[in-house]
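Residue strings, one per chain:
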Amino acid sequence: MGSYRDYMRNEYPQERTSAVVWLICAIIAGFVLQNVLLRWFDAGSFLAEYLAFSSIAVSHFRLWTLLTYSFLHSPDNLLHILFVIVSLYFIGREVLAAIGTTRFLSLYAASAFAGGLAWLGLHWPSTGPLIGASAAVTGLFFFFVCLYPDRPITFLFLFIPITLPKTKYLGYAVAFFDLFGLAFQELTTTSYSVAHSAHLGGMIVGLGWYRFIHCGVPWRWPWSRSKTDIIPPKWAKKAKNNRAEPGSFQVNLTERDRVRTEVDRILDKINSKGFGALTDQEKRTLDEARDMINKR
């Protein structure tokens with residue numbers, strides 16, 4: 001066991017501060033800076049002009065605002081930023097452990113981009129800015145729902161803890177809330193308080209990221225499928241896998257060498273994609289390796 005511990009410790013050092021904590025610190029810093037500039041220097045419009053996302057920002061080629069708007073929040077809405085921070089902390093930790101730092105930050109940024117573009121598509125031209133990390137957090141949440149659809153989840157509703165038996169039920173509720181708000185509030189009034197379109201943009205990225213990037217399902221237009229794309233039944237797959245191909249051969253390795261080679265591959269996968277990406281068979285292989293080493 002010592003050799004594997006050294007392998008993991010030397011090759012893959014653990015981060016002292018996770019990406020989730022850095023994102024939360026950036027959101028809090030933006031909120032504090034907004035309040036300082038607005039209340040002490042009467043210069044709150046400076047951040048809105050150069051960091052918030054709007055049609056004016058796009059016309060002036062301030063494309064960085066597609067990301068920076070997610071670090072700004074309304075200075076008068078403390079409950080909203082608390083909700084964002086708590087959601088990002090609990091959901092972000094699970095997603096980060098499953099896909100790793102690089103893909104986690106990429107998913108956050110892509111959800112923010114899509115949320116901003118979806119909102120802009122409905123409100124062009126609009127003089128008002130878009131701020132808030134809700135679109136990015138929504139993308140992370142729906143990716144989390146796809147990862148663990150049947151896991152029980154507890155959340156606060158009007159400060160009352162509510163537990164649902166399956167995470168996907170909360171996903172359905174959030175999707176319905178945003179679709180309803182988009183149709184009957186954001187599209188019908190000019191004084192909406194929630195950018196449901198941005199949430200839906202983040203939601204689409206979260207669902208698409210899970211299917212096409214995390215699971216690796218290739219993208220195809222529905223009408224581009226041919227007869228060769230028909231998925232065979234499970235029994236046909238099983239029969240095909242059990243039938244030995246002509247000319248194939250196997251190398252007889254000792255059981256210990258086989259397990260060690262497989263463990264090395266699994267450790268590389270944990271480093272690149274996170275522990276949550278392991279299959280049940282790979283987890284059993286790790287348990288098998290631990291039992292073999294304990295028997296020494």
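Since this is a predicted model, take the numbers as computed values, not measurements. (Residues numbered from 1 in each chain as written. Predicted model: local features only at pLDDT ≥ 70, side-chain atom pairs only at ≥ 80, totals over all residues. Heavy atoms only, no water.)

Student: Got a minute to help me understand the overall build of the chain in this structure?
Tutor: Looking only at helices and strands, one finds 13 helices and two strands in the chain. Looking at the chain residue by residue over its 296 residues, the buried ones come to 35%. A fraction of 67% describes how many contacts in the chain between residues 6 or more apart in sequence connect residues 24 or more apart. Carbon and sulfur atoms form 63% of the exposed surface of the chain, whose accessible area is close to 19,100 Å². (Helix = DSSP H or I, 4+ residues; strand = E, 2+ residues; numbered from the N terminus. Buried < 20%, exposed > 50% of the residue type's maximum accessible area, 1.4 Å probe, protein only. Contact = heavy atoms within 4.5 Å. Areas by Shrake-Rupley, 256 points an atom, 1.4 Å probe, with all protein chains shown as cover.)

Student: What should I look at first to understand the pattern of salt bridges in this one?
Tutor: Oppositely charged side chains can form a pair if their charged atoms are brought close together. With the rule as written, the count across this model stands at four salt bridges. Salt-bridge contacts for D150 lead to K166; the nearest nitrogen and oxygen are separated by 3.9 Å. Taken as a pair, D150 in the loop between helix 8 (134-147) and strand 1 (153-157) and K166 in the loop between strand 2 (160-164) and helix 9 (167-186) lie far apart in primary sequence, 16 residues in all. With its nearest N and O atoms 3.6 Å apart, the salt bridge here joins D150 to K168. With a gap of 18 residues between them, D150 in the loop between helix 8 and strand 1 and K168 in helix 9 connect regions that are remote in the sequence. Residue D150 is classed as partly exposed on the basis of its relative accessible area, which comes to 46%. (Salt bridge = Lys/Arg side-chain N within 4 Å of Asp/Glu carboxyl O.)

Student: Just to check I follow, could you spell out the side chain of H199 for this structure?
Tutor: In this fold, H199 is placed in helix 10 (residues 196-214). Here the side chain of H199 touches D178 through a polar contact of 3.0 Å, side chain to side chain. Look past the residues within four positions of H199 in its chain and what remains in contact with it is S134, A135, T138, D178 and V194. (Polar contact = N/O pair within 3.5 Å; in protein donor to acceptor, adjacent residues only side chain to side chain.)

Student: Before we go on, may I ask you to explain the nonpolar core in this structure?
Tutor: Soluble, globular proteins show a tendency: their nonpolar side chains are buried together. Counting 48 residues, the largest nonpolar core has I27, L88, V95, F104, L107, Y108 and L140 as the members making the most contacts within it. Breaking this core down by element, the ones donating at least two residues are helix 2 (19-39), helix 6 (78-99), helix 7 (101-122), helix 8, helix 9 and helix 10. The greatest single-element share of this core, amounting to ten residues, is contributed by helix 8. Residues within four places of V95 in sequence aside, it is in contact with G100, F104, L107, L140, F143 and F144. (Core = buried A, V, L, I, M, F, W, Y, C linked by side-chain atoms within 4.5 Å.)

Student: Could you clarify how one ought to interpret the side chain of Q34 in this entry?
Tutor: Locating Q34 in the fold gives a position in helix 2. In contact with Q34, not counting residues within four places along its chain, are L47, L72, H73 and P75.

Student: What is the right way to look at the layout of surface pockets in this model?
Tutor: The method is simple in principle: a probe with the dimensions of a water molecule rolls over the atoms, and the space it marks as empty is what remains. Estimated volume of the largest pocket: approximately 2,100 Å³. Taken together, 50 residues make up the lining of the largest pocket; nearest its centre are H80, F83, V84, S87 and S134. Within the residue set of the lining of the largest pocket, elements represented by two or more residues are helix 6, helix 8, strand 1, helix 9 and helix 10. For the lining of the largest pocket, the element with the most residues is helix 6, which contributes eleven residues. Split into classes, the residues belonging to the lining of the largest pocket amount to 32 nonpolar, 14 polar and four charged. (1 Å grid on protein atoms, 1.4 Å probe; cavity = no way out; pocket = protein on both sides within 12 Å on 5 of 7 lines; lining within 4 Å. Points joined across faces, edges and corners; volume = space filled by probe spheres on them. Nonpolar A, V, L, I, M, F, W, Y, C, P; charged D, E, K, R; others polar.)

Student: So what exactly am I meant to see when it comes to the environment of G139 here?
Tutor: Relative to the helices and strands, G139 resides in helix 8. Separated by 30 residues in sequence, G139 and A109 have C-alpha atoms that sit 9.5 Å apart. Here G139 is in contact with S111, G202, M203 and G206, once residues within four sequence places are set aside.

Student: Got a minute to help me understand unusual backbone geometry in this structure?
Tutor: Negative phi is the rule for most residues except glycine; trans is the rule for most peptide bonds. Of the consecutive residues W124 and P125, the connecting peptide bond is found in the cis state with omega at -15°. With respect to the helices and strands, the residue P125 is situated in the loop between helix 7 and helix 8. Even without glycine at this site, F61 takes up a positive phi of about 60°. Mapped onto the secondary structure, F61 falls in the loop between helix 4 (55-59) and helix 5 (65-68).

Student: What is the right way to look at the environment of L170 in this model?
Tutor: Mapped onto the elements of the fold, L170 is located in helix 9. Counting along the chain gives 21 residues from L170 to P149, while the straight-line C-alpha distance between them is 9.5 Å. Each residue touching L170, except ones within four places of it in the same chain, is listed here: F141, I153, F155 and L164.

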